[in-house]
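Okay, here's what each chain looks like letter by letter:
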Amino acid sequence: MEPGLIFAYVAIGIMALLPIYFGAHAAVKLNKKKSGSKDEKDDSDEAEFFSLNDAKWFPIIGSITLFSLYLAFTYLDKELINTLLTVYFCVLGVGSSTKLFLIVGRAITGWELKGDYHLLLTKKGQEVISQRFGMHHFALLGLSTALTVYYAITKHWIVSNVLGEAFSVTAVQLLNLDSFTTGIVLLAALFVYDIFWVFGTDVMVTVARNFDAPIKVVFPKDFLGLFAEGLWKVPEKGTPFTMLGLGDIVIPGIFVALCLQFDYHNYLKTAAGKKNPATYSFPKPYFTTCFIFYTLGLVTTIVVMHAFQAAQPALLYLSPACIMSALLTALARGEWNRLFSYVPEEVEERREKEKAAAAAKDGKEKKHRKKKEGSAEPEGVQEVPAGKEEMASPGTPSKRKGKKQ
């Protein structure tokens, strides 16, 4: 194997692992209520949760989207489609890359980097948007804008990778699973999805090669030769690249993030967790095992791809690796029931709020119904006039005296 190709495979592996590691840690909402911090929430971003129903529908919606793109690239103008996609992803890229720079800055400096300004938007007393920001946010926003504009003009592979990493980190942080059951169903369903669209048809490969947007991380196979010419020189068309789709990073990544959240949940129940909850330094058996298994699955994907010189459905190896890591760790630790009964705290809070709202609505409806029934007069009941309470019943002698003659 050539040194340049080895370098490319290692680079692809690193670009897959970094967003999972940083995104998973950013997804953990540290409990600061007992640590004396003024900000109880670690991050103001609102997370979205995959439900079991979402997991069942995801491969179907993904298949429809994928096949639609295949038809578009087959029968429509490819340049026009890629131009529209470039505009769309550049707008998303500004926000995602700003978020990426903040996460990296916080990891390097240890500072919260929230800023002195607080934007709060409410609707009927309910918080809709709560965001802190400072001058550093505007500086990073400017840098992100310049980066995306440069990408739109040059389509340089390095900038494309930066945006792809930004999308991956943001997705792993904000997309969450509501249980391990949901995560296993999602990985198993996409296991079948990936095999069908890669081995059964040419749809996946065709879309990946024609889709000129940062939805994948790429690396030149002849990196050393490209390096000698100048890294910032735009490669000529036809330059061979090795690539990995962002879906092969994000989907297993949110499962790895769930493992880290479960580790933190278990840590909070210990004496050390109750004493010092606001820390990332806690035992991570599930996260560590899943992260290692994902790495092994990724290495297997690359080895098989190189051996057969053909595109491989990465989730064929990554999905079983992630699922088995969690199950084997739970069996080894005797925590099988705890694993499948775990629900993130935010999901529990949302469910309690929904139950309380439903109960309140039901109570109001019952109260309104009773009030409506009480205000209506029952049929067949008439008001008795005053002074006529006593009525002579049939057969009762009259008490009126007759007149004397």
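Along each chain, residue indices are assigned from 1 in the same order as the chain's sequence is written. Reporting in this predicted model follows two pLDDT cut-offs: at least 70 for local features of residues, and 80 or more for side-chain atom pairs to be given and counted; totals over whole chains, interfaces and linings ignore these cut-offs and use all residues. The side-chain values count all of the structure's non-hydrogen atoms but skip hydrogen atoms and water molecules.

What to know about helix H3 (residues 78-109)
Inclusion rule: Secondary structure elements follow DSSP: runs of H or I of four or more residues count as helices, runs of E of two or more count as strands, with numbering from the N terminus. Here the expected length of a helix is defined as 1.5 Å per residue gap, with one fewer gap than residues. Bend angle per residue: angle between axes fitted to the 7 residues ending at that residue and the 7 residues starting there. Polar contact is the term for a pair of N or O atoms within 3.5 Å; when the atoms are in protein, one must be able to donate a hydrogen and the other to accept it, and sequence-neighboring residues count only if both atoms are side-chain atoms.
With 32 residues, H3 extends 44 Å from end C-alpha to end C-alpha; this agrees with the ideal 46 Å at 1.5 Å per step. In H3, a bend of some 30 degrees at Gly 93 exceeds every other bend along the element. The N-capping residue of H3, defined by a side-chain oxygen 3.2 Å from the backbone nitrogen of Glu 79, is Asp 77. The positive-phi residue at the C-terminal boundary of H3 is Gly 110, with phi of around 80 degrees.

With respect to the environment of Thr 181
The criterion, for reference: Relative accessible area decides the class of each residue, using a 1.4 Å probe on protein chains only: under 20% of the type maximum gives buried, over 50% gives exposed, and in between gives partly exposed. Throughout, a contact is declared for two residues whenever any of their heavy atoms are within 4.5 Å.
On the secondary structure map, Thr 181 appears in helix H6 (residues 180-200). On the basis of relative accessibility, which here comes to 31%, the residue Thr 181 falls in the partly exposed class. Here the alpha-carbon distance between Thr 181 and Leu 339, two residues 158 residues apart in the chain, equals 9.2 Å. Those residues in contact with Thr 181, other than ones at most four positions away along the chain, are Leu 52 and Phe 340.

Topic: the pairing of strand S5 (residues 216-220)
Test applied: Each pair of strands is called paired provided DSSP finds at least two bridges between the two strands.
Of all 5 residues in S5, 5 are buried; the element is thus mostly enclosed. In S5, alternate side chains face the same way, and those of Lys 216, Val 218 and Pro 220 on one face and Val 217 and Phe 219 on the other are all buried. Alignment of S5 against strand S6 (residues 241-245), held across 5 bridges, turns out to be antiparallel. Within S6, the residue paired with Lys 216 across the bridge is Gly 245.

Honestly, it's all geometry; don't read function into it.
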